[in-house]
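Here is how the chains run, residue by residue.
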There are 2 protein chains.
Amino acid sequence: MDRTASRPRKADAIFSATLALLAERGYDALTVEAVAARAGVHKTTIYRTWATKDEVLADALVQAPELAFAIPDTGSLRGDLLELAKQIHRLLSDPANRRVITAVVSALPDRPATAEAAGRFFADRLGREQAVFDRALDRGELAGDADSEMIMDLLGGNLWFHTLIRAKSADDAYLERLVDTVLTGVS
Amino acid sequence: MDRTASRPRKADAIFSATLALLAERGYDALTVEAVAARAGVHKTTIYRTWATKDEVLADALVQAPELAFAIPDTGSLRGDLLELAKQIHRLLSDPANRRVITAVVSALPDRPATAEAAGRFFADRLGREQAVFDRALDRGELAGDADSEMIMDLLGGNLWFHTLIRAKSADDAYLERLVDTVLTGVS
């Protein structure tokens, strides 16, 4: 749903409050009332645009300045994927972002609205990242049947495991090896 | 810590009860008392072997029959990786397992003992999966500097994103494309 036309004043404050509360207290304690108090708006201001906390959360994930990212255009697929990997790694390295991510993940199995919010977040990113793959195709750097979603899930998924679950850091050398492995394979 | 020597009677029941409670109620509601009641043992039986719920959880993740998996030996790296991908996908497709996974992930940022339990689980798996990569090296199917952990985090990470976060199913054709991408790359 496109809510841009009705974007309320103080939307950024509402989004930042949503993510901060999620990071501090977890999904179950996130309420529209708490978001309103933290953002310094009346809760009716929120309810005029969003019917539920999951709708606020969905827009917060896509639009909050904390999770913003830039689409690289370095002139090569390798350079662009390395930039994307660095951005994902930076995002995953921020303790507040880690809490937002794990809070959203923990709500996924039983809350379809949250799953939809997470799905919108990743679909929005992939839609913008597609420019990287379109340019690589034009330059002949990518097989014609390459699957941009599979590639981003290889990069992002590896970094989730490596940093979130194995709790390891990823220096530039690791990120370069990761990108080169995705580009040329292991065999 | 090797607790095999002091493995209590009814260990499998204790592990299954731990995972079932985690799936049903989440990490915060998981207690040694609740595990004991569910498994039909006195809580002192548990405390004789494990000092905390995170220690029970760590052993449950590694040893519970629900999360058991077999190391494939199909004769080729491609065949073995495809089997591993199918096993990961089956594990992620089970609703109870999904709740266990997301409950553990949600506890990661702030609870070092849980992070250690998850780390032990994945280190144990990787240790056993190493046989697949050793055989592939012997057969000349794998570059000498290949990183088995990176490869497993590509496969597992992709399937986490694809199934848990994008909520998509992965049929055999998807799993074959995934393995072929990891083997030969996208460029």
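- Looking at an unreviewed UniProt entry, chain A carries the name TetR/AcrR family transcriptional regulator, with the source organism given as Amycolatopsis rubida.

1. Regarding the overall build of chain A
No. 1: In terms of regular secondary structure, chain A is built from nine helices and zero strands.
No. 2: Seen in sequence order, chain A has helices and strands lined up from the N terminus as α-α-α-α-α-α-α-α-α.
No. 3: Across chain A, every contact between residues at least 6 apart in sequence was considered, and the portion connecting residues at least 24 apart equals 66%.
No. 4: Per element, the accessible surface of chain A, about 8,000 Å² overall, is 51% carbon and sulfur.
No. 5: Between the averaged position of the 23 positive side-chain charges in chain A and that of its 28 negative side-chain charges there is a distance of 8 Å.

2. With respect to the UniProt feature "domain: HTH tetR-type" (unreviewed entry) in chain A
No. 1: In the UniProt entry, the feature "domain: HTH tetR-type" (unreviewed entry) is given for residues 8-68 of chain A.
No. 2: Note that residues 8-68 of chain A is 64% helix and 0% strand, and that its end C-alpha atoms are spaced 19 Å apart.

3. Digging into the packing of aromatic side chains
No. 1: What the rule picks out here adds up to eight aromatic pairs over all chains.
No. 2: Judged by centre distance (5.0 Å) and plane angle (75°), the ring pair of tryptophan 160 of chain A and phenylalanine 161 of chain B falls under edge-to-face. Here tryptophan 160 of chain A is found in helix H8 (residues 148-165), whereas its partner phenylalanine 161 of chain B is found in helix H8 (residues 148-165) on a different chain.
No. 3: The aromatic ring of phenylalanine 69 of chain A is capped on one face by arginine 125 of chain A, whose charged end is 4.0 Å from the ring centroid.

4. Section: the side chain of glutamate 129 of chain A
All names here are of chain A.
No. 1: Looking at the secondary structure, you find glutamate 129 in helix H7 (residues 112-138).
No. 2: No salt bridge forms around the buried glutamate 129; measuring N to O, its nearest opposite-charge neighbour arginine 125 is 5.6 Å away.
No. 3: Setting aside anything within four residues of it in sequence, one finds glutamate 129 in contact with Phe69, Ile71, Leu84 and Met152.

Each value, and the rule that gives it
Residues numbered from 1 in each chain as written. Chains lettered and ligands numbered in written order. Predicted model: local features only at pLDDT ≥ 70, side-chain atom pairs only at ≥ 80, totals over all residues. Heavy atoms only, no water. Helix = DSSP H or I, 4+ residues; strand = E, 2+ residues; numbered from the N terminus. Contact = heavy atoms within 4.5 Å. Areas by Shrake-Rupley, 256 points an atom, 1.4 Å probe, with all protein chains shown as cover. Lys, Arg positive; Asp, Glu negative; His and termini not counted. Charge placed at Lys NZ, Arg CZ, Asp CG, Glu CD. UniProt positions renumbered as here; feature names shortened; annotations may be inferred. Phe/Tyr/Trp six-rings, centres within 6.5 Å; stacked < 30°, edge-to-face > 60°. Lys NZ or Arg CZ within 6 Å of the ring centre and 35° of its normal. Buried < 20%, exposed > 50% of the residue type's maximum accessible area, 1.4 Å probe, protein only. Salt bridge = Lys/Arg side-chain N within 4 Å of Asp/Glu carboxyl O.

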